[in-house]
Structures are given as C-alpha cells and as structure tokens.
Amino acid sequence: MTDKRTYVVLLGAPGAGKGTQAKLLEQATGLPQVSTGDIFRYNLKNETELGKLAKSYMDKGALVPDDVTIRMVEDRLAQPDAARGAIMDGFPRTLAQADAFDRLVAPFGGVAVAPVIVIDDEETVYRITGRRSCRACGSVYHIILNPPKVEGRCDKDNGELYQRDDDQEATVRNRLLVYYKQTAPLIGYYYAKGLLREVNGGETIELVQAALRSLIKLK
Ligand code: ADP
Ligand code: ADP
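Residues numbered from 1 in each chain as written. Chains lettered and ligands numbered in written order. Predicted model: local features only at pLDDT ≥ 70, side-chain atom pairs only at ≥ 80, totals over all residues. Heavy atoms only, no water.

Participant: I tried to follow the sheet that holds strand S7 (residues 161-162) on my own but got confused; where do I start?
Facilitator: Hydrogen bonding along the main chain pairs the strands of a sheet, whether they run parallel or antiparallel. A sheet is described by the order of its strands in space; here three strands give the open sequence S6-S5-S7, paired in antiparallel fashion. The two strands at the open ends of the sheet, each matched to only one other strand, are strand S6 (140-142) and S7. In terms of strand pairing, strand S5 (residues 131-134) meets S6 through three bridges, oriented antiparallel. The partner of Ser133 across the bridge, within S6, is Val140. (Pairing = 2+ DSSP bridges. Helix = DSSP H or I, 4+ residues; strand = E, 2+ residues; numbered from the N terminus.)

Participant: Can you help me understand the site of ligand 2 in this one?
Facilitator: For ligand 2, the set of nearby residues contains 19 residues, the closest of which are Thr36, Ala62, Gly90, Arg131 and Arg175. Between ligand 2 and the protein, one listed contact pairs a nitrogen atom with a side-chain N or O atom of Thr36 at 2.8 Å. Protein chains shield 96% of the accessible area of ligand 2, which is 560 Å² for the free molecule. A total of four residues in the shell around ligand 2 trace back to one element, the largest contributor, which is helix H2 (residues 36-45). Class assignment for the residues of the shell around ligand 2 results in eight nonpolar, five polar and six charged. (Near = heavy atom within 4 Å. Polar contact = N/O pair within 3.5 Å; in protein donor to acceptor, adjacent residues only side chain to side chain. Areas by Shrake-Rupley, 256 points an atom, 1.4 Å probe, with all protein chains shown as cover. Nonpolar A, V, L, I, M, F, W, Y, C, P; charged D, E, K, R; others polar.)

Participant: Sorry if this is basic, but what is going on with the site of ligand 1 here?
Facilitator: Near ligand 1, the surroundings consist of 19 residues, among which Gly15, Lys18, Thr20, Arg131 and Tyr141 are the closest. One nitrogen or oxygen atom from the main chain of Lys18 is found 2.8 Å from an oxygen atom belonging to ligand 1. In the complex, the protein chains occlude 93% of the 560 Å² of accessible area that ligand 1 would expose alone. Partitioned by chemical class, the residues of the shell around ligand 1 number seven nonpolar, eight polar and four charged.

Participant: Could you clarify how one ought to interpret the pattern of salt bridges in this entry?
Facilitator: Where charged atoms of side chains with opposite charge meet at close range, the side chains can pair. All chains considered together, the criterion is met by 17 salt bridges. Across the pair Asp3 and Arg5 runs a salt bridge whose closest N-O atoms are separated by 3.4 Å. By relative accessible area, which is 13% here, Arg5 ends up buried. Asp166 is paired through a salt bridge with Arg164; the nearest N and O atoms lie 3.0 Å apart. (Salt bridge = Lys/Arg side-chain N within 4 Å of Asp/Glu carboxyl O. Buried < 20%, exposed > 50% of the residue type's maximum accessible area, 1.4 Å probe, protein only.)

Participant: Would you explain the nonpolar core in this entry?
Facilitator: Inside soluble globular proteins, nonpolar side chains tend to come together where they are buried. Counting 24 residues, the largest nonpolar core has Val9, Leu11, Leu77, Met88, Phe101 and Tyr190 as the members making the most contacts within it. Of all elements in the fold, only strand S1 (6-10), helix H4 (66-77), strand S3 (85-89), helix H5 (95-105), strand S4 (111-118) and helix H8 (185-192) reach the threshold of two or more residues within this core. Broken down by element, this core gets its largest block of residues, four residues, from H5. In terms of nonpolar packing, the next biggest core, distinct from the first, is built from 14 residues, Ala16, Ala22, Ile117 and Leu212 among them. (Core = buried A, V, L, I, M, F, W, Y, C linked by side-chain atoms within 4.5 Å.)

So this is what it looks like as structure tokens:
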C-alpha cells in the first residue's frame with residue numbers, strides 16, 4: 001500500500017474564517033489542524049527561542065522568515081497525529097513556503113485540495129477587530145457575529161476570552177497588505193496546479209463548513 005495522505009491547504013485573507021473552519025474540519029475528518037499562527041503563539045507564551053524570534057514579526061503583522069517557519073512545519077507534520085495528513089491553516093503563506101511544502105508532501109501524493117475562502121476586505125477588518133480567542137483551547141469567537149454564550153468565557157471550557165495583541169486595527173491593515181503582497185499569489189499558484197476551489201466565506205459558519213467538507217475526499 002502506498003502511503004497516501006490528505007493535505008488540505010486553506011487559503012484566504014486574515015479573518016476569512018480559516019481557523020474557525022479548520023477546527024470544525026478537524027472534528028469531521030480526524031485530520032489535525034496545523035495552524036502556524038497557533039504554534040508561534042504557543043512558543044511566545046512559553047518564551048522559547050522560536051517565540052522570541054517570532055514576536056518582533058508578529059507584533060508588526062509581518063511574516064516570520066520562511067526558513068524558520070518551514071522547519072517548524074516539518075517538525076509538526078512528523079508528529080504521529082499527522083500520519084494521515086493535515087488541515088493547513090495559515091501555511092503556506094509565501095511562494096517559497098508553497099514550493100517547500102510541495103516537496104515535503106510529494107512522497108504522500110501531494111496537496112489534495114486548496115480551498116480559498118473569499119470575503120470582502122472591509123469584512124476582514126470588522127471580523128478581526130471583533131475576534132476573541134480562548135486562552136485555554138484557542139477556540140475563536142466574534143463579539144457580534146459569533147458571540148459566546150457567556151460574555152468573555154469560552155463555551156467549551158469556560159476559559160478566558162482575550163483579544164490578540166495583533167488584532168488591533170492598525171496591525172490588521174498591515175496584515176491585509178502583507179496578505180496581498182505575499183500570500184495572494186498562492187491563489188494563482190494552486191489554480192495553475194488545478195487544486196484551487198473557491199468558497200464564499202460571507203455565508204454562515206455552517207454553510208461554509210458544508211461547502212468545505214464537500215471538497216475534501218480522504219485518501
Ligand atoms: P482566520 O483564521 O482566517 O484569520 P478566524 O477563523 O479566526 O479567521 O475568523 C475571524 C473572525 O470572524 C472570528 O471572530 C470568527 O468568529 C468570525 N467568523 C469566522 N467565520 C465567520 C462566518 N462565516 N460568519 C461570521 N463570522 C465569522
Ligand atoms: P490570522 O489567522 O489572523 O491570519 P495567524 O494566527 O495565522 O493570523 O498568524 C499570526 C501571525 O503569525 C502572522 O501575522 C505572522 O506574523 C505569523 N505567521 C503565521 N503563519 C505564518 C507563516 N506561514 N509564515 C510566516 N509567518 C506566519
């Protein structure tokens with residue numbers, strides 16, 4: 001039997017709903033969500049060398065250098081829970097990362113599909129500035145669009161909800177610029193490979209999830 005794995009690359013501007021959808025896809029498919037943003041934040045919290053390096057970039061809304069990010073993803077994908085593939089959330093984010101990822105997953109049948117979640121640019125800013133995240137489990141809410149049952153508390157584990165330092169408006173606008181300069185070219189990259197699928201991210205979380213699930217065929 002060949003070692004086939006299912007790698008899904010979620011694309012979309014900051015706030016498109018990648019993290020929200022990746023968590024739901026993890027439950028539906030059993031493939032782990034691999035969020036480079038979450039891994040960087042974990043390292044930041046634990047004050048590791050990687051966290052210290054990443055902080056200066058994250059604070060500005062800039063990208064952490066490719067070599068560091070790629071090595072981190074290689075380590076993550078070598079973990080046993082990723083033996084059947086992964087839902088990639090926030091990686092790759094540059095063409096160099098996409099090329100490196102292609103080489104990494106080529107022995108396992110390559111990238112399965114690259115859905116791009118599309119939303120309006122102003123919606124991006126509105127969604128990100130209202131985003132709140134659980135300190136304990138990382139679950140994501142929105143103060144208006146997707147509020148928790150009890151204000152300031154996570155529905156799942158009652159953890160404290162907080163606003164990420166980089167979710168302030170000025171940083172969000174810079175992240176949007178970084179997205180267009182460095183990450184949006186990946187849409188053409190995956191289109192050319194026949195892997196791109198467009199999903200309307202302006203729909204409800206449930207409808208977006210249904211659209212994404214219909215695109216994923218486990219190998
Ligand atoms: P990304 O990982 O792409 O940056 P998130 O999943 O963190 O995006 O979502 C950004 C914000 O938008 C969060 O506050 C989330 O609750 C909210 N959100 C996500 N999907 C939807 C949706 N379909 N409709 C309304 N709000 C959404
Ligand atoms: P969002 O979901 O709001 O787009 P993330 O949590 O994915 O944000 O990322 C937060 C920050 O972590 C980014 O602004 C960037 O500094 C860093 N980061 C995350 N993923 C990558 C990546 N693939 N390459 C470089 N930097 C990254």
